[in-house]
Amino acid sequence: MAASDYTALTPVLADALPDSGPAELQCFVCETCNVQYAPSATPPPGNCPVCADERQYVPQSGQRWTTLAKLGSGHRNAFQRMEPQLLGIGTEPKSGIGQRALLVSTKEGNLLWDCIALLDGATRDIVTALGGIKAIAISHPHYYSTCVEWSRAFSAPIYIHTKERAWVEAVRPDAIAEHFHFWEGDQQPLFGGLSLWHLGGHFAGAQICHWQAGAGGEGALLVGDIIQINPGCETVGVMRSYPCLIPLSDATVARIQTRMARLPPYRTVYGAFWYQVMKDAGGKIEYSLERYRKWLSIDDPEIA
Ligand SMILES: [Zn+2]
Ligand SMILES: [Zn+2]
C-alpha cells in the first residue's frame, strides 16, 4: 500500500502511521478570541486575523492556538435560565473573550444567538433535549467562535449580514456554501417573532436581534456588544473597539440612533456577558446615545 493511500483512511488509522505519514487536519482555535479556523495540518501561519485587527489584540505573550478537543478537557459549560424561554450558555473557567451565548425558544424552533467555542457532549445533549437549534445568528466576528461546529451538529444555518462576508471568508472559507446564510438590507425576519436588524458601528455588518415574545411579551433585544451595556446596567456605550478604546464618529452614532428608532418595542436588553441584563430599558439607550453625542461635541477648556 503506497503511503499516499493512507490519506483516505479514518483519523484513527492515520494516527497509527509513522511520523512521516500525512498529518491529520484540524480546525485550530485562537486562544484569545476563541474563533475557529478552516482545517489545516498545522496552526495557521502568523496571527489570528480577528485578533490582528485593530478592534482586538494579540497578547504581549504572542499568538497561541488550541483546539476544540483541548478546550473540552479543561472547561465546561454553565447554563442559566434568563427568562422562561431564554437560556444562557457560558464556558467556565472563562475561555477566549468570555461571552455567553443565548438559546431562544419559540414554538417554531430555537435560535442560538451569538456563540461560544465549547460544544461538548453534555451541551449537545441538553440543547437537543430542548429541541435543538433551527438557526444561528451572530452579532459580529468576535463571537464567531466554533459556529460551524454548532451549525453542523444541529443542521442550523448561520445568519450573517452580507457586509461581514469578508470576515467569514477570512475565517471559514471552507464552510461558506454549506453553513452560512448572508442577508442584506435593514431587517431579516426569522421565525417565532424573531428578527435580525443591521446596526453597524463596532463592525460594518454588525447585527442585533429583536425577540417579540421576550420580557413577558413586551419585547427583548439581544445586542452582543454592538451596544455595550455599562456596569450598573442603566446606560450603554457604542465604540469601534472596546478593548482598544477606539470611539465612533458623531455621524456613525447618529446613524445607530436612526436604526434603533426603527425597532419594534422592547423592555429588556441582553448584552454579551452574564451581568449585562438591562431591565425597563425604554429610553435608556436613546438617553445614552444622546449623551455620547453631547460629549463628542463638547470642547470645554476646563477639562482640556
Ligand atoms: Zn483571535
Ligand atoms: Zn466585539
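Residues numbered from 1 in each chain as written. Chains lettered and ligands numbered in written order. Predicted model: local features only at pLDDT ≥ 70, side-chain atom pairs only at ≥ 80, totals over all residues. Heavy atoms only, no water.

Trainee: Explain the coordination of the zinc ion (ligand 2) here, please?
Mentor: Tetrahedral coordination by four donors puts the ideal angle at the metal at 109.5 degrees, and octahedral coordination by six puts it at 90 or 180 degrees. Around the zinc ion (ligand 2), the donor atoms from the protein are His140 (NE2), His142 (ND1), His202 (NE2) and Asp225 (OD), and they sit 2.2 to 2.8 Å away. If you look at the zinc ion (ligand 2), its four donor atoms make angles of 92 to 148 degrees with each other, and the shape they trace is irregular. Linear spacing of the donor residues for the zinc ion (ligand 2) on their chain is H-x1-H-x59-H-x22-D. The pair His140 / His142 is uniform in exposure class, with both members buried. (Donors = N, O, S within 2.8 Å, 3.2 Å for Na, K, Ca; no water. Tetrahedral: all angles 85-135°; square planar, octahedral: opposite > 155°, others 65-115°. Buried < 20%, exposed > 50% of the residue type's maximum accessible area, 1.4 Å probe, protein only.)

Trainee: So what exactly am I meant to see when it comes to the coordination of the zinc ion (ligand 1) here?
Mentor: Taken together, Cys30 (SG), Cys33 (SG), Cys48 (SG) and Cys51 (SG) make up the full set of protein donors to the zinc ion (ligand 1), lying 2.3 to 2.4 Å away. Each donor residue of the zinc ion (ligand 1) lies on the same chain, and together they follow the pattern C-x2-C-x14-C-x2-C. Separated by 21 residues along the polypeptide, Cys30 in strand E1 (residues 28–30) and Cys51 in helix H2 (residues 49–52) bring together distant segments of the chain. Of the two residues, Cys30 and Cys51, both sit in the buried class. (Helix = DSSP H or I, 4+ residues; strand = E, 2+ residues; numbered from the N terminus.)

Trainee: How should I be thinking about the side chain of His198 in this particular structure?
Mentor: In this structure, His198 sits in strand E11 (residues 194–198). Accessibility expressed as a relative area gives 6% for His198, which makes it buried. Among the polar contacts listed, one links the side chain of His198 to the backbone oxygen of Ala204, at a separation of 2.7 Å. In this structure, His198 is in contact with His161, Lys163, Trp183, Gly185, Asp186, Ala204, Gly205, Ala206, Gln207 and Arg259, ignoring residues within four places of it in sequence. (Polar contact = N/O pair within 3.5 Å; in protein donor to acceptor, adjacent residues only side chain to side chain. Contact = heavy atoms within 4.5 Å.)

Trainee: Even after reading the chapter, I still don't get the packing of helix H4 (residues 121–129) against helix H5 (residues 147–154), so can you show me in this structure?
Mentor: The angle between the axes and the distance between the axes are what describe a pair of packed helices. Running from N to C, H4 and H5 cross one another at 50 degrees; their axes reach a closest spacing of 12 Å. Relative to H5, H4 is oriented oblique. Judged by the twist between their axes, the crossing of H4 over H5 is right-handed. Here H4 contributes Thr123, Arg124, Val127 and Thr128 to the contact with H5, which in turn contributes Trp150, Ala153 and Phe154. For the contact of H4 with H5, the class distribution of residues is four nonpolar, two polar and one charged. (Axes fitted to C-alpha atoms, helices over the stretch in contact; angles between N-to-C directions. Parallel < 35°, antiparallel > 145°, perpendicular 65-115°, else oblique. Left-handed = near helix turned anticlockwise from the far one by under 90°. Nonpolar A, V, L, I, M, F, W, Y, C, P; charged D, E, K, R; others polar.)

Trainee: It is not clear to me how the pattern of salt bridges should be interpreted in this structure. Could you clarify?
Mentor: If charged atoms from side chains of opposite charge come close, those side chains can pair. This model, assessed by the stated rule, comprises ten salt bridges. In this structure, Arg240 engages Glu54 in a salt bridge whose closest nitrogen and oxygen atoms are separated by 2.6 Å. With Arg240 in the loop between strand E15 (236–237) and helix H9 (250–261) and Glu54 in the loop between H2 and strand E2 (65–67), this residue pair connects regions lying 186 residues apart in the sequence. Looking at Arg240, the relative accessible area reads 25%, which means it is partly exposed. Here Arg262 makes a salt bridge to Asp186, at a shortest N to O gap of 3.4 Å. Pair noted here: Arg262 is in the loop between H9 and strand E16 (268–271) and Asp186 is in the loop between strand E9 (180–183) and strand E10 (187–189), with a separation of 76 residues, a long-range link. Through salt bridges that share partners, Glu218, Arg267 and Asp280 make up one connected network. (Salt bridge = Lys/Arg side-chain N within 4 Å of Asp/Glu carboxyl O.)

Trainee: Would you mind going over the sheet that holds E10 with me for this structure?
Mentor: Paired through their backbone hydrogen bonds, the strands of a sheet run either parallel or antiparallel. The strand order across the open sheet formed by six strands is E10-E11-E12-E13-E16-E17, and the pairing between neighbours is mixed. Both edges of this open sheet fall to E10 and strand E17 (277–278), since each of them pairs with a single strand only. Sheet analysis places E16 next to E17, joined by two bridges and oriented antiparallel. Bridging across to E17, Tyr270 finds its partner in Val277. (Pairing = 2+ DSSP bridges.)

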